[in-house]
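Reading the structure
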Amino acid sequence: MDELKLRNVHLQQVQNQIRHKTDGLSSSTLVLRRGQPFTILINYDGRPFDPLKDKLFFRIVLGPLSVEVPVSVSGQPSPSQWSAILEGSAPVRTQPVSLFSPASSSVGVYTLHMRVETHGGVKSHVLGEFTLLCNPWCQADSVFLKSEDLRNEYIRNDIGLLFKGCPNNIDSQPWSFDQYEKGILDICMKLLQLSPQSQADARKDLLNRNSPVYISRVISAMVNCQDDKGVLMGNWSGKYNDGVNPSTWSGSADILWKWSETQFSPVRYGQCWVFAAVMCTVMRALGIPTRVVTNFNSAHDTNANMVIEEYYSEKGEKLSISKDRIWNFHVWVESWMKRPDLDGDYDGWQVLDPTPQETSAGMYRCGPAAVKAVHEQKVSAPYDVPFVYAEVNADVRKIIIRDGKILETSVDKDRVGTLICTKRPGPAMLMQDITSEYKTEMEGMPFAVSGSARDGGCTTERFVHQGIGVSLQLPKAVVGENLSFNVIITNNMAIPKLLRKYVNAQNKEYNRDPTGTFWETYDDLTIGPNETVTVEHEISFYEYMLNEAMEDCLVNLAVVIEDVKSQERVLVSVEFNISSPVLNIQIQNESSVIINTQQVATVTFTNPFNVAVSGDLIVAGSGLLEEKVQMRLTIQPRETMRRPIRFIPRMTGAKMLHASLVLTAQSTVLRGFKTVTVQAA
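All values derive from a computational prediction rather than experimental measurement. For every chain, the first residue of the written sequence is number 1, and numbering continues from 1 onward in sequence order. Whole-chain, interface and lining totals are the exception, using all residues; otherwise, since this is a predicted model, local features are given only for residues with pLDDT of at least 70 and side-chain atom pairs are given and counted only at 80 or more. Side-chain measures were taken over the full set of non-hydrogen atoms in the model, leaving aside hydrogen atoms and water.

**Overview of the nonpolar core**
- We define a nonpolar core as any set of buried Ala, Val, Leu, Ile, Met, Phe, Trp, Tyr and Cys residues linked to one another through side-chain atoms lying within 4.5 Å. Partly exposed residues are those whose accessible area sits between 20% and 50% of the maximum for their type, while under 20% is buried and over 50% is exposed, using a 1.4 Å probe and protein chains only. Residues Trp 175, Ile 219, Ile 255, Trp 259, Trp 273 and Leu 286 are the most contacted members of the largest nonpolar core, which totals 67 residues.
- Labels follow the DSSP assignment, with helices taken as runs of H or I lasting at least four residues and strands as runs of E lasting at least two, numbered in each case from the N terminus. Breaking this core down by element, the ones donating at least two residues are strand 10 (159-166), helix 3 (184-193), helix 6 (212-222), helix 7 (253-261), helix 8 (272-285), strand 14 (290-300), strand 17 (325-337) and strand 24 (419-423).
- One finds Ile 468, Leu 557, Val 603 and Ile 645 within the second-largest nonpolar core, a separate group that totals 58 residues.

And the structure:
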């Protein structure tokens, strides 16, 4: 009876994960957060464990790194190193032990070893693995976030909105971050292990993984596949036959699963919002507070002169001459962390951009760039602050040319970074404007002012010249309706003028210059002294639908007014998207949705087109549907489709059911979503 024998060790996975707020994360290991104690139970046979006679040691192993931790009978844990303390000093057969990790521990998959020393000898045991994550609930952790509401939003929330389109007609796309889906956390840990830094020097990489600055820089590169075995391959060609159209993705799990199942071959294909959403999933899974951010009218300044040149013909056709680009929208992420590597207070939100645009220290990645450094124009601060600053602040120089000669030039200081936004925290799926966190207000040019206003879904673009003022007024454009707009011309002089008016419409994609003109008109008009004239125009649904079928395509609409006598020209242009119809989702008894109880949702859609449409209806919902529901549909003109969807919620809390209808002939995706709060039984 006096021999001490180990019967088993219980890692108390359920209890520890609830305390560490990692419950719901799917992993083959125990999942813990650093800087917080966890308790294991050691069960002995034979005589009880006697802390006065017997000694207990743990060995914490992370790859080639390890630390030995003697178990203390009493005392306080050390904030700077691993420690273990017995709970109770009396001899017992079931011994609880609390283990403490410092808040600066490296993120990774650890192995826990135990050694028992008695007068009868020494015995060692391997107890199992645990995954250690960052801890925004711990004040000593460099990702600590004070607000519980914000921690829930930026760590625990697995649903969100991505904002696309144009600032005057924002398209809100639902996204399922899926960090609780089966195996996702293990895939995120594999992503760290496969990084070039880990492959080159595993020991150095693991030591550096105590820093969220380092981790975020690694993830920024690993989400794209330009330099490594990264997750996603970018494709902006419009040809996706050998992969998936980026517009059809609606969640991160399908992408990460596919990457894992294909032995970590890049998944085809992603564009900026897909890269950003996947990075948000990985960062939230690793315990780093993260949100997805959209910058509308995002500059890609190739020559770093802070000016984007745009060229137009005298008839208002936009020309592909400059290498600079303004993307109608660009999507990145912000992650919350301290920046001890920077002089000054640059803690807080950091821009990280996994879309492969430019290299940073030889790899396709961007950030972390402190949002405060961008706001303060501290362009010397690492990492990549000048690039991000240009994305939100560059000037736009519009140039009218004919036969290589410049006819007129104007500067717009307000267009780039006109709206920077993210999802507002909380259950309401709303937008939060965060432009002021990046930018201070800038004054326009004194003699040639251009700008835009958004009012009640109506866009007004205006340009005031010394002699002529021109505005372009455009209501919100919706698929199925004709496109109406007004050109408003003001004569600022006390003499009449003969004017020539050119109006030009081109289709374009969000990240490149327009292609050919699909609609144009021109005429002459006389305007009296100090008179204002409004000219109405209309482009029929049939004319723009032939050219505007692709999702994320837009229209570049430009007006050139020429004073025939002086040959002065005024250019006003606006780029806008045409809203697709949405799918409607209703849930029966939505105020009393109970876990593990069958519910019924109904997806409805009325076809607004004059032709029948066919496509695949896909309904998904993390924590609501075990597998996606998919069905083939054909809907006649003006017909209303109704499809019931049965689901059984498996998780409590705020969840989202989202539906997409992928139209075959139109190469577009129609969407709808419904959020629901699942209650405990």
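**Quick notes on the packing of aromatic side chains**
- Stacked, edge-to-face and tilted labels apply to pairs of Phe, Tyr and Trp rings (six-membered ring for Trp) whose centres lie within 6.5 Å, assigned for plane angles under 30 degrees, over 60, and everything in between, in that order. For the structure shown, the criterion picks out 19 aromatic pairs.
- Considering the side-chain rings of Tyr 502 and Tyr 522, the 5.8 Å spacing of their centres and the 35° angle between planes classify their relative orientation as tilted. On the criterion of sequence distance, the pair formed by Tyr 502 in strand 30 (residues 497-509) and Tyr 522 in strand 31 (residues 517-527) is long-range, its members being 20 residues apart.
- Aromatic rings pair up to connect Trp 236, Trp 273, Phe 275, Trp 327, Phe 329 and Tyr 510 into one cluster.
- For a Lys NZ or an Arg CZ to count as sitting over a ring, it must be within 6 Å of the ring centre and within 35 degrees of the ring normal. One residue, Arg 291, lies across the ring of Trp 349, its end atom 4.1 Å from the ring centre.
- Positioned above the aromatic ring of Tyr 522, the side-chain terminus of Lys 315 is 5.7 Å from the ring centre.

**A short note on the pattern of salt bridges**
- Each reported salt bridge corresponds to a side-chain nitrogen of Lys or Arg within 4 Å of a carboxyl oxygen of Asp or Glu. With the rule as written, the count across this model stands at 33 salt bridges.
- When the shortest N-O distance is used, the salt bridge between Lys 318 and Glu 310 registers 3.1 Å. Pair check on accessibility: Lys 318 and Glu 310 agree, each one buried.
- Between Glu 575 and Lys 508 there is a salt bridge, with its nearest N and O atoms 3.7 Å apart. Residue Glu 575 is located in strand 34 (residues 569-577), and its partner Lys 508 is located in strand 30; the two are separated by 67 residues in the primary sequence. For the pair Glu 575 and Lys 508, a shared accessibility class is recorded, and that class is buried.
- One network of salt bridges, in which partners are shared, links Glu 310, Lys 318, Arg 415, Lys 508 and Glu 575.

Any functional reading would require information that these geometric values do not contain.
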